[in-house]
Structures are given as C-alpha cells and as structure tokens.
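Topology and contacts: notes
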Amino acid sequence: MAHRIQMKLGVVPDAEQAPDSPDTALHVEPRVGAQTRTKGHLFLLVTSRVPGPRARDATALVADSIRSEYYYDESAGIRVCLVKSIQVANKRLTHARERGALGNTPGPIGVGIAVVRDNELYVCTVGPAEAYLSRGARLSTLPDPHRDRGLPSNDVEPDVWRGDINVGDQLMLVSPNVVAALGPDALKDALVTLHPQSAAEQLTARFRAGSGTGSDGVMIIEAAEIAVSRAGVVPVPVRPAEPLAGMPDRSPIPLADTVAGGFAAAQSSARWARGAVGRTLYRMLVRVQDALPSRGVPRRRVTALSARRETQRRAAVALLSMVVVVGGLGAAVFVLGGRQPLGSAIATLDSAQGALDLARRDINRVIGPGIDLVANDPSQAGRLLTEALNAIRTASSGGIPAGTAEPIRTKIVAAIDRLYKMADVVSTPLFSFSGDAGVDLGAIVRGPDGAPFVLDRKTNAVYRIDLAGKKATVIFRAGSKAAGATESAPHLLGVGGRDLLMVDAKNVVWRWRPANTSGKGTITRVRVSGAAEWGNDVIAIGTFIRDSEANLYNLYVVDPSEQQILAYSPAADGSGFPTSPTPRLSAPQDVSTISDMYIDGDIWVADSGQVLRLVGGKAEGWEAETPGDEVLRGKPAYRLLASGAPRREGTIYAFDPQNQRVVALSKVNGTYIAQYRLAEGAAGWGDLRGWYVEPGVAGEPDALVWISKTGVNRALLEAATVAPGESGGPEGSAGAASPAARQ
C-alpha cells in the first residue's frame, strides 16, 4: 500500500517567547502544487547572540528575505537556491538599518534551514545555529566548520546537506544557547519521548527554569505517514421498514387535522370578503367624483403682436434702468467707503513682523556661531526649518519688503537643501546638432559599442554620435531599404547584448550590430511573434541577457492594449523571438500610465509618478522613500528611470520633471540616498527627454548622459562649484555638428 510523508511541527509561538529573545521561527507550506513539487516545505530558524527586541527585528528581516528569495528564485535546484537566498539576506542585512542593533561582534546572526520535498531532506546551518537528526533513537548532528562566521559577513559560504527522511525521523533546529544550557541528552530524551510540540514547550520551559536568557529558539520536525484509505464495503440502499411510509402525514391528535382545515377555510373566506368590500367602496368613490360639477374651458384671448412688443420693450427699459441704478450705488459705496481701515493694516503689518522675527529666531537656532543642527540634530533642524519657511512666507505675504525677507529665505532654503542632501551638479555639453539640421530628439540609449544613439522624431531617423569626432551618423531612416524591406519611422530604442534594437511605426523590430570600432554596422529585420498585433500604443521595450556568450536575451514590451508587460524568449540561434509571449504581470491591469521601464533582473517601472519594482508580477517587497523636503518642493512625480548597478545592488535614479531634480534611491530597500539639480539655477533639465547612466569606476561617482531637443549632455553626480559663465544645460555648445551621410 502506498504511503505519503506528513511533517509534524513543534515550535514555540512568538507570543510565548521571552521578552529578550531575539530569535525568529518561520514555516512555509506552499499552497501551489508546483511550488510544493519543486521547492518543497521550508522550515527556518534565525538566532542571534545579541538579545533584545531590536535584534529580533534583524532576525525577522533575515527570515523574510530568505523566504521571499528562496521561493522567487527558479534558476537552479534547491541547494543553489538555498545558498543564493542566504547570500542575498546577508547583503540586505549589511545595508539595512537593523544592522546597528547587532553591535560590533563578528557575525552574531545564525541561520538554520531545512527543506522537505517528498522523501528528500535538505539541511543547512550558518553561524550560531545547530541542527540535530534523530533516527532510531540515535541523535546525529551536522558539522559546520564555519559556525563562528554568522551574518552579516563579508564572505558567506553555506554548505547544504542532502539525505532521505523516513517515517519516524525527527529533525531539530535549535539555538546553541539552549544546547549549552540543557545538553544533548536532554534534547535526545525530549525527541524520543514526546511529540514535537510538547518537546519544544518542555525544552523552552527547562531553559527558562534554569535562568536561561537571550536566544531560545527551538523548532522540531517529525515525519509521519498517511496511509491511502480504500473502501471495502459496498453501500446498500435503505428501504423503509414502516409499512405506512410514503403516506400523507397525519397528526396523532384526534380531530387536529379537521380543526386546522376549518381554520384555513375561515381565513380564506375572510380574505375574499375583505377584497369584495374594497372593490365596492372604490366603485362608489368613482361614481361620486363623476357626479361633481365641472368648470367649462375658458375662451382664449389673442393679444396683438404690436401690443406684445410694446410690453417687452417697456420691461427691457425698466430692467436696464435698475441695473444702472444698482451699479451707480455700488460704485459710490466703493469710492466712498472702500478704503481699508488703518487699524487693520497695522494689525497685518504687526503679524508679518512677528512672523519675520520667528523666522530669524528659528534659522539662528539651526545655523549660528558654533551651531549646526543640520549635522548634529537633523530631526530638530527639520522641525525648525519648516516653521521658519512657513513664517517667512507669512511675512512676505503680510507686507514685509522683499529686500528684508529674501536674504532670510535664502538661508532657510540653503539649510533645507543641505538637510535633505540636495547637491548642485554641473552639466557639460557633449554634442549639439546645428540649427539647420532641424532635429527633435526623443530618446537616447548607450549602444552596444559604448557610443550614444539618439532617435530624432522630426527627421524619422536614428543617429550614432561619435563623441571623439563630433559627428552624427545615420544608421536608420524612414524610407530606406534594408534586409529586403522598407524602414518606417522609428518609434522605440533598446539595447540587448551586442545589438541595438529599433521598433518602427509598423511594429517591425530591427537589429543593428556593429561591424568594427569605427561605427560601421549591419542592420537586419528581427522576427517577433505577434508583433503586428501590438497596435500603435506600445510604450516601452527592454531586454535582459540570458546568455552573454551566445548573445541571447529576453525582449520585454509594455502593451496597454493587452494590459500586460509581454516577455519574449529568444530562439536558440538568436535569429528572433518565434514563440508566443509570456505575461509578466500576475493579472491584467492598466499599464497606459507607465512612462518608463528599466530591467536588471527585476522589472522597474515609473507608473503614475511612482517607482515600482515588479517581482513575480506584483509590486511587493520594495517601496520608494520620499526625499522629505515636501515643504519646499512638494511630493515627487517621477517620469524616467535609470541605473548602472547590478540587480539588488547600488542605486536607481528617478527624474522628477516638476522640480527638475534627479532622486537617488537604494535598489535594496528603497531608502532615499540623495538628490541632484543643475547648479546656478540652470534650466537645462526642464527639457530633459531621455538619459542613461555611466557607472562610476573605482569609487568615482556615476554620471548621467541626457538629451535635450538638439543636443547630448553629461552631468557628473557629485557636488561641484560652478565657475562664472559656465553653463548647466544644452545652451553652451561643444561645437555644433551636422548629421553625416549614412554608412
């Protein structure tokens, strides 16, 4: 007879843990059958040498990160997924604010993981966490050569043990603090004599009775069997044994049925009589109304047309006279009594002077001789600066001269900029089209050869910009012949591996591949299944490298008509995308509000002014933090995204066009890092139409390469002092150039 394995779990609930216990226990039983078959059941215990609730926040962060990353990653088997999930949790803990609660001790966080899939058992321990296997009343442990190397650590090398689990086997994930206090014999006795839940509760009670403090995590798993039942008895139909079964029901009380029938007949007769009386009264009322006298129809009087016009003229003259009289009276009242009383003006000026004094006091408390609350007490500085800014606005609207209020306002704004990490950067022009070229740039990408490629919507062409030679070369133009077809107006640009991708107005996808280092290349048509059905509302395209050596990459398309982000897999020979697309959103939704998309393994979109990270088709697990300076600039509404860092690392940049600033956010947890604007009040970013990021090398800051209507510019993202006369936008030209002939 076939049997199945059922896991019995024993763990102390969070509500019954000691107040100083930092441990976190987690058990995931997938509700989706596919995950159960591929990823199995996850049992996780995260311990810490540092006690307290703040350390518990750190263990909870690690547990949640391992759970989400393990079930999200489908790239390899269970061993590889466990190792990668622990490494991702280590990186996330290293950069999280919960890291500060762990002190300076090396690797205080321990992780114990067990995965059960069918009859397979995978166990892994990292740092201060132990695992014991009880089989046939014999207790075994998993050796860990790096037990002293917990999280966070610069080098995490988890070792995953694999074996079979049988009926009756028991696995214990336990904190070393509990093992040191009770000993292995106590663990063995509890496993052999008690059920998992009772054993976990007994070990925890003995640990506390022995004055144990700090880490007390215990998780016990026992394998039990479920026998497949089989029916051995054939059902037999039931026949009534009562000979009167099926006869109409009769009351056992004598005459009860007769009396009940009489009452029913009486009720029916009463209802009929009530209806007859009502109908009779209605007929009588109708007859009375018919007998009442009626008034005859009066004769209609006909008024002459001239008389009606005379009446209308008189009415119009009377109305106009009334309007003139009322207007004259209103003007007289305004002239004679419209002046504001002197007392009200004095009160307004006194209020404005009080607001001005308040603004001075607040800014002097924030920045003064030997005082710098921006650096020493940011929260207090934020409160005082907000109050000072509102006060100076009140003073300006109350009549305080601009020459008096503006210097104070300038100091307040400068302090707010420094508090919320606003950096002034310098943008230098790299290339500018000549005035007679008549271009209207709409998009830019960093090509496969490292040169910028721009899309011009006015000439319906794509140019390669040679920054060294100050030359623009046409590689694609509407009406040109290539690969046996005619090129239409370019609509979208993208880069995949060693290819530059272009989508034209007819939804034909073209590929340009460089042939040498001087800018020459070949252009071919790429087959994409169902591309002709995209319609004219495709918003953005993106790619993600699957095999860099074979130059194979996925193609992503934002299609509002399908209410999806479509993902196309490449052919094995790299010739195109012959298969039907896969939807990347968990459910169809409105994607027409997406303004930009960036892909690094995760899908990032700028949707309705917000930055979202899509994982598993949903925007969960990451939220962008606001800069915090809404009192000065308002809430940001992002339109463009860019990054130069790998997946789940570094910084992602978002452009807020309303405030002409670039906001830097952490790709790990959405923490706000800094914001940038052009120095000296330059308005170049008011015409920012597209961009990409040049990642910094050897600790250097990142740089933004961006386009305006007619030029390509570069801004280094670090605070800099602008020299007099230096431009922060495309106005300053670095040598105008005209497009060269097509290669």
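Anyway, here's the lowdown on the structure attached to this text. (Residues numbered from 1 in each chain as written. Predicted model: local features only at pLDDT ≥ 70, side-chain atom pairs only at ≥ 80, totals over all residues. Heavy atoms only, no water.)

Things to note about the sheet that holds strand β28 (residues 576-577)
Here is the rule we go by: Note on pairing: DSSP must find at least two bridges between two strands before they are called paired. Only runs of H or I of at least four residues qualify as helices and only runs of E of at least two qualify as strands under DSSP, and these elements are numbered from the N terminus.
Across the sheet, which stays open at both edges, the five strands sit in the order β21-β22-β23-β24-β28 with mixed pairing between neighbours. Each end of this open sheet is capped by a strand with a single partner; those strands are β21 (490-496) and β28. Examined bridge by bridge, strand β24 (residues 521-528) and β28 share two bridges and lie parallel to one another. Looking at the pairing, Val 528 lines up with Phe 577 of β28.

A few points about unusual backbone geometry
With the exception of glycine, most residues fall at negative phi, and the peptide bonds are largely trans. The omega torsion across Leu 151 and Pro 152 is -5°, close enough to zero to call that bond cis. Residue position: Pro 152 is located in the loop between β7 (139-141) and β8 (160-164). Of note, the phi angle at Asn 507 is positive, near 65°, even though the residue is not glycine. Along the polypeptide, Asn 507 turns up in the loop between β22 (499-504) and β23 (509-514). A positive phi angle, near 60°, is found at Glu 680, a position not held by glycine. The residue Glu 680 is located in the loop between β36 (672-678) and β37 (690-694) in this model.

Notes on the sheet that holds strand β27 (residues 564-568)
One open sheet accounts for four strands, arranged β25-β26-β27-β29; its pairing is antiparallel. Each edge of the open sheet is held by one strand with a lone partner, namely β25 (541-547) and β29 (582-583). Here strand β26 (residues 552-559) runs beside β27; their pairing, made up of five bridges, is antiparallel. Counterpart to Val 558 in the pairing with β27 is Ile 565.

Structural notes on the side chain of Asp 559
What counts here: When a residue's accessible area, from a 1.4 Å probe over protein chains only, is under 20% of the maximum for its type it is buried; when over 50% it is exposed; and in between it is partly exposed. Charged residues are defined narrowly, with Lys and Arg counted positive, Asp and Glu counted negative, and His plus the chain ends left uncounted. Whenever a carboxyl oxygen of Asp or Glu lies within 4 Å of a side-chain nitrogen of Lys or Arg, that contact is scored as a salt bridge. In protein, a polar contact means a hydrogen-donor-capable atom and an acceptor-capable atom, both N or O and within 3.5 Å, with residues adjacent in sequence counting only if both atoms are side-chain atoms; elsewhere, any N or O pair within 3.5 Å suffices. Between two residues, a contact is recorded if the distance between any of their heavy atoms is within 4.5 Å.
Here Asp 559 shows up in strand β26. Notably, Asp 559 is buried but unbridged: the nearest opposite-charge side chain belongs to Arg 584, and the N-O separation is 15 Å. Polar contacts involving the side chain of Asp 559 include one to the side chain of Ser 561, which spans 2.6 Å. Apart from residues no more than four positions distant in its own chain, Asp 559 is found in contact with Trp 534, Asp 537, Gln 564, Leu 566 and Val 591.

Description of helix α12 (residues 402-419)
Note on helix geometry: an α-helix contains 3.6 residues per turn, so any two residues three or four positions apart are oriented the same way. This is how the line gets drawn: The span you would expect from a helix comes to 1.5 Å times its residue count less one.
Taking 1.5 Å of rise per residue, the 18 residues of α12 would be expected to cover 26 Å, and the 25 Å separating its terminal C-alpha atoms lies within 8% of that figure. Where α12 is concerned, the buried positions are Ala 405, Ile 408, Ile 412, Val 413, Ala 415, Ile 416, Asp 417 and Leu 419. Directly after α12, the chain includes Lys 421, whose backbone phi takes a positive value near 60°.

Points about the pairing of β36
Of all the seven residues making up β36, five are buried; the element is thus mostly covered by neighbouring parts of the structure. Alignment of strand β13 (residues 422-425) against β36, held across four bridges, turns out to be parallel. Across the sheet, residue Val 425 finds its bridge partner in β36, namely Leu 678. Strand direction decides the pairing type here: strand β35 (residues 661-666) and β36, joined by four bridges, are antiparallel. Looking at the pairing, Val 663 lines up with Gln 675 of β36. Hairpin remark: β35 followed by β36, antiparallel, with five residues in the connecting loop; positive phi at Gly 670, about 80°.

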